[in-house]
Amino acid sequence: VSAIEDCMDLGIPVMSINAGASTSETMGLMHHVGQLEYNAGFGAGEFLANRGITKAICVNHAIGVSVVEERCDGFQAAIEKEGIEYWGQVYVEDNKRQEYIEDVESLVANKTGTSEGDWEGIGILAAGGPQHIPVIALQARHKKSVIGAFDTSSDLYEAVDIGIKEFGIDQQPYLQGYMPVMLLTH
């Protein structure tokens with residue numbers, strides 16, 4: 001933060017990219033180029049609500065990372081606004097597919113009171129790209145679940161194409177790299 005303040009004191013234009021919209025605003029940076037995570041999570045919640053879900057879970061793979069927390073917060077707000085039961089966040093570790101599946105299944109079993117759980121109407125938001133493969137595996141086991149995800153990959157595109165996932169929210173990384181250069185040079 002002090003380096004940013006030093007640049008601003010010297011009249012050097014500074015902007016934030018990808019993450020840090022609120023910090024950018026607080027510091028008075030010239031622009032923030034990136035997704036507003038809370039709003040994106042809210043949009044994800046609205047989209048899944050329109051798919052007929054009756055219960056919702058946000059799966060968080062990055063505990064304490066503000067952008068992922070904001071996605072889940074926005075998702076929760078939209079779900080609750082729609083009158084859908086929000087079952088909270090499930091915290092999972094990256095790259096641990098079996099534990100991922102077990103953690104989400106455990107929450108559903110606890111909420112439904114059965115070891116198998118009733119997956120009818122359960123909407124799951126995978127709040128980041130590292131979750132694409134394990135959430136696809138989860139949905140293969142529980143076909144009645146409705147899944148959306150953040151970030152894009154070839155795995156996500158394939159899952160959307162064959163109907164495993166409803167959507168993926170893309171941050172437009174090319175534009176996040178290009179736009180700041182254009183804004184700083186024009």
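Residues numbered from 1 in each chain as written. Predicted model: local features only at pLDDT ≥ 70, side-chain atom pairs only at ≥ 80, totals over all residues. Heavy atoms only, no water.

**Some points on the environment of Gly34**
Alright, step 1. You can see Gly34 is positioned in the loop between β2 (31–33) and α3 (37–49).
Alright, step 2. Residue class for Gly34 comes out partly exposed when judged on its relative accessible area of 31%.
Alright, step 3. Note: C-alpha distance between Gly34 and Tyr174 (140 residues apart in sequence) is 11 Å.
Alright, step 4. When neighbours within four sequence positions are excluded, Gly34 is seen to be in contact with Asn18 and Gln176. (Helix = DSSP H or I, 4+ residues; strand = E, 2+ residues; numbered from the N terminus. Buried < 20%, exposed > 50% of the residue type's maximum accessible area, 1.4 Å probe, protein only. Contact = heavy atoms within 4.5 Å.)

**Let's talk about the state of the cysteines**
Alright, step 1. Counted under the stated rule, the structure contains one disulfide.
Alright, step 2. Two residues, Cys58 and Cys72, share a disulfide whose sulfurs are 2.0 Å apart. In this structure, the disulfide formed by Cys58 and Cys72 twists by about -70° around the S-S bond and is classed as left-handed. Of this pair, Cys58 sits in strand β3 (residues 55–60) while Cys72 sits in helix α4 (residues 66–81); the two residues are 14 residues apart in sequence, bridging distant segments of the chain. Accessibility classification places Cys58 together with Cys72 in one group, the buried group. (Disulfide = S-S within 2.5 Å.)

**Regarding the pattern of salt bridges**
Alright, step 1. For the structure on display, the rule yields six salt bridges.
Alright, step 2. Across the pair Arg71 and Glu37 runs a salt bridge, and its minimum N-O distance is 2.7 Å. Note that Arg71 is positioned in helix α4 and Glu37 in helix α3, a separation of 34 residues in sequence.
Alright, step 3. Look at Arg71 and you get buried, because its relative accessible area is 3%. (Salt bridge = Lys/Arg side-chain N within 4 Å of Asp/Glu carboxyl O.)

**Regarding the sheet that holds β3**
Alright, step 1. Here five strands make up an open sheet; going across it, the order is β4-β3-β5-β6-β7 and the pairing parallel. Each of the sheet's edge strands pairs with one partner strand only, and the pair in question is β4 (85–91) and β7 (167–169). Averaged over all adjacent pairs, the angle separating strand axes in this sheet is 20°, with direction ignored.
Alright, step 2. Here strand β5 (residues 122–126) pairs with strand β6 (residues 146–150) via four bridges, running parallel. Within β6, the residue paired with Ile124 across the bridge is Ile147.
Alright, step 3. Sitting on the sheet, α3 touches β5, β6 and β7, and the angle it makes with β6 is about 160°.
Alright, step 4. Relative to the sheet, helix α6 (residues 132–141) contacts β5 and β6, its axis offset from that of β6 by approximately 180°. (Pairing = 2+ DSSP bridges. Axes fitted to C-alpha atoms, helices over the stretch in contact; angles between N-to-C directions.)

**Remarks on a nonpolar patch on the surface**
Alright, step 1. On the surface, a cluster of nonpolar side chains totalling about 350 Å² of accessible area is made up of Tyr174, Leu175 and Tyr178.
Alright, step 2. Along the chain, Leu175 falls in helix α8 (residues 173–185).
Alright, step 3. Under the relative-accessibility criterion, Leu175 is labelled partly exposed at 36%. (Patch = residues over 30% accessible without salt bridge, like charges linked within 9 Å, V, L, I, M, F, W, Y side chains within 5 Å. Areas by Shrake-Rupley, 256 points an atom, 1.4 Å probe, with all protein chains shown as cover.)

**Notes on the packing of aromatic side chains**
Alright, step 1. All told, the structure shown has three aromatic pairs when counted by the stated rule.
Alright, step 2. A centroid spacing of 4.9 Å and a plane angle of 70° characterise the contact between Phe47 and Phe167, whose relative ring orientation is edge-to-face. One end of the pair, Phe47, is in helix α3; the other, Phe167, is in strand β7, and 120 residues separate them in sequence.
Alright, step 3. A relative accessible area of 30% means that Phe47 is categorised as partly exposed.
Alright, step 4. Each ring, one from Phe75 and one from Tyr86, has its centre 6.2 Å from the other, and the planes form 70°; the classification is edge-to-face. Of this pair, Phe75 sits in helix α4 while Tyr86 sits in strand β4, placing them 11 residues apart in sequence. (Phe/Tyr/Trp six-rings, centres within 6.5 Å; stacked < 30°, edge-to-face > 60°.)

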